[in-house]
Amino acid sequence: MDISSEQHSQHISRQFNQELEGLKTHLMAMGGLVEKQILDALTALLDGNGELAEDVRRFDHEVNEMQLQLDDECTHILARRQPAASDLRLVLAVIRAASDLERMGDEADKIARHALALMGGQHNDRGFVEIRRVGAMVRDMVRNALTAFARFDTKLALEVRRADTEVDNEYKSALRSLVTFMMEDPASISGVLDVLWVLRALERIGDHADNLAESVIYLVKGLDLRHTHLRDLDEKDLDDIG
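Small disclaimer: the values here were computed from a predicted structure and weren't measured.

Definitions and cut-offs
Residues numbered from 1 in each chain as written. Predicted model: local features only at pLDDT ≥ 70, side-chain atom pairs only at ≥ 80, totals over all residues. Heavy atoms only, no water. Helix = DSSP H or I, 4+ residues; strand = E, 2+ residues; numbered from the N terminus. Buried < 20%, exposed > 50% of the residue type's maximum accessible area, 1.4 Å probe, protein only. Contact = heavy atoms within 4.5 Å. Areas by Shrake-Rupley, 256 points an atom, 1.4 Å probe, with all protein chains shown as cover. Salt bridge = Lys/Arg side-chain N within 4 Å of Asp/Glu carboxyl O. pLDDT = per-residue confidence, 0-100. Axes fitted to C-alpha atoms, helices over the stretch in contact; angles between N-to-C directions. Parallel < 35°, antiparallel > 145°, perpendicular 65-115°, else oblique. Left-handed = near helix turned anticlockwise from the far one by under 90°. Nonpolar A, V, L, I, M, F, W, Y, C, P; charged D, E, K, R; others polar. Expected span 1.5 Å × (residues − 1). Phe/Tyr/Trp six-rings, centres within 6.5 Å; stacked < 30°, edge-to-face > 60°. Lys NZ or Arg CZ within 6 Å of the ring centre and 35° of its normal. Patch = residues over 30% accessible without salt bridge, like charges linked within 9 Å, V, L, I, M, F, W, Y side chains within 5 Å. Core = buried A, V, L, I, M, F, W, Y, C linked by side-chain atoms within 4.5 Å.

1. A closer look at the overall build of the protein
Summing up its helical and strand segments, the protein has eight helices and zero strands in all. Along its sequence from the N terminus, the protein presents helices and strands in the succession α-α-α-α-α-α-α-α. Evaluated residue by residue, the protein yields a buried proportion of 48% over its 242 residues. Expressed as a percentage of contacts within the protein between residues at least 6 apart in sequence, the contacts between residues at least 24 apart total 80%. Working note: accessible area of the protein is about 11900 Å², and carbon and sulfur atoms make up 48% of it.

Shown next, in the form of structure tokens:
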């Protein structure tokens, strides 16, 4: 059965309502912090801002703590409330989403680390155009995935899943271009490798945003699409989801 956000605020127990609302509120707060980490990591890299890169690395532990708090809240609800149906799906979706957000934070930390490495060595801006392009796409994916979760919007979740294919294609194109550049200019290898690792981190963030979109579809529709590619779904399936 499809659900909407209002259905999680109709329990007899007001405390249970508050606990479920608290899960969503805390997940969105965690998502907001991760969004900021990604933006700050990219800004630090592209602007050569070492202080901002260090901030991204320092604040990574806050994301970890927020995941632990959410896991604790979810465990409490599972043990005391024994939720069923859509309530159970909400708790499980939050657990999955928090895990993906924590991993996005880890990837943002990697970007900040490589930004510091690039600042500390001889390099040019080769690959920065690709980073800007892929970074903008990935940030849109993360923002839309979080919005989809907040609104229980499966149509927007499907858009995120489609965008992941575009990010993968951009990543592969950038990879081919930069590998060719390194072959032609061996002196550039050290710096370009850092750029490649940044692009890889962005591609992984896109994958986790895709996972978050899958969690939205699971939450609302009860469909587990974790190992299902969009190309394997027919038009009717897509219409039913969106």
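From this point, the narrative continues.
2. Focus on the side chain of D40
With respect to the helices and strands, D40 occurs in helix α1 (residues 14-47). For D40, a relative accessible area of 13% translates into the label buried.

3. Things to note about the pattern of salt bridges
For the coordinates displayed, the defined rule picks out 12 salt bridges. The salt bridge partner of D40 is K36, with a shortest N-O separation of 2.6 Å. With D40 and K36 both in helix α1 and four residues apart, this pair spans about one turn of that helix. Its relative accessible area of 48% is what places K36 among the partly exposed residues. Among the ionic pairs, D207 bridges to R204, the shortest N-O distance being 2.8 Å. One end of the pair, D207, and the other, R204, are both in helix α7 (residues 189-221), three residues apart, so they sit about a helical turn from each other. Residue classification places R204 among the partly exposed residues on the basis of a relative accessible area of 26%.

4. Observations concerning the confidence of the model for the protein
Chain-level pLDDT for the protein is 89 on average; 88% of the residues reach the 70-or-more range. Taken element by element, the predicted model of the protein shows its lowest mean pLDDT in helix α8 (residues 235-241) (60) and its highest in helix α5 (residues 128-151) (97).

5. Side note on the packing of α1 against helix α3 (residues 60-81)
Here α1 crosses α3 at 160 degrees, and the two axes come no closer than 10 Å. Here α3 runs roughly antiparallel to α1, going by the angle between their axes. Here α1 and α3 pass one another in a crossing that is left-handed. Residue classes in the contact of α1 with α3 are distributed as 13 nonpolar, seven polar and five charged.

6. Things to note about α7
Taking 1.5 Å of rise per residue, the 33 residues of α7 would be expected to cover 48 Å, and the 47 Å separating its terminal C-alpha atoms lies within 8% of that figure. Once α7 ends, the next one or two residues include G222, with phi positive near 75 degrees.

7. Describing the packing of aromatic side chains
Taken as a whole and assessed by the stated rule, the structure comprises zero aromatic pairs. Sitting over the ring of Y218, R96 keeps its end group 4.8 Å from the ring centre. Between R126 and the ring centre of F181, over which it is positioned, the NZ or CZ distance is 4.4 Å.

8. Let's talk about a nonpolar patch on the surface
A grouping of L78, L92 and I95 is seen on the molecular surface, where their side chains present a nonpolar patch of about 190 Å² in accessible area. In this fold, L78 is placed in helix α3.

9. Some details on the nonpolar core
If you look at the biggest cluster of nonpolar residues, it comprises 72 residues, and the most contacted ones within it are I131, F149 and L202. Listed by contribution, the elements that provide at least two residues to this core are α1, α2 (50-58), α3, α4 (85-119), α5, α6 (154-184) and α7. The leading source of residues in this core is α7, at 16 residues. Leave out the neighbours within four places in its chain, and F149 touches L27, M28, L90, A93, V94, A97, L212, S215, V216 and L219.

10. Topic: the environment of R143
Along the chain, R143 turns up in helix α5. Exposure remark for R143: the relative accessible area of 37% places this residue in the partly exposed category. Sequence separation between R143 and G32 is 111 residues; the distance between their C-alpha atoms is 8.7 Å.

11. Section: unusual backbone geometry
Within the chain, Q82 stands out as a residue other than glycine whose phi angle is a positive 45 degrees. By the secondary structure assignment, Q82 is in the loop between α3 and α4. The phi dihedral of A85 falls on the positive side, at around 50 degrees, and the residue is not glycine. Within the secondary structure layout, A85 lies in helix α4. On the basis of relative accessibility, which here comes to 55%, the residue A85 falls in the exposed class.

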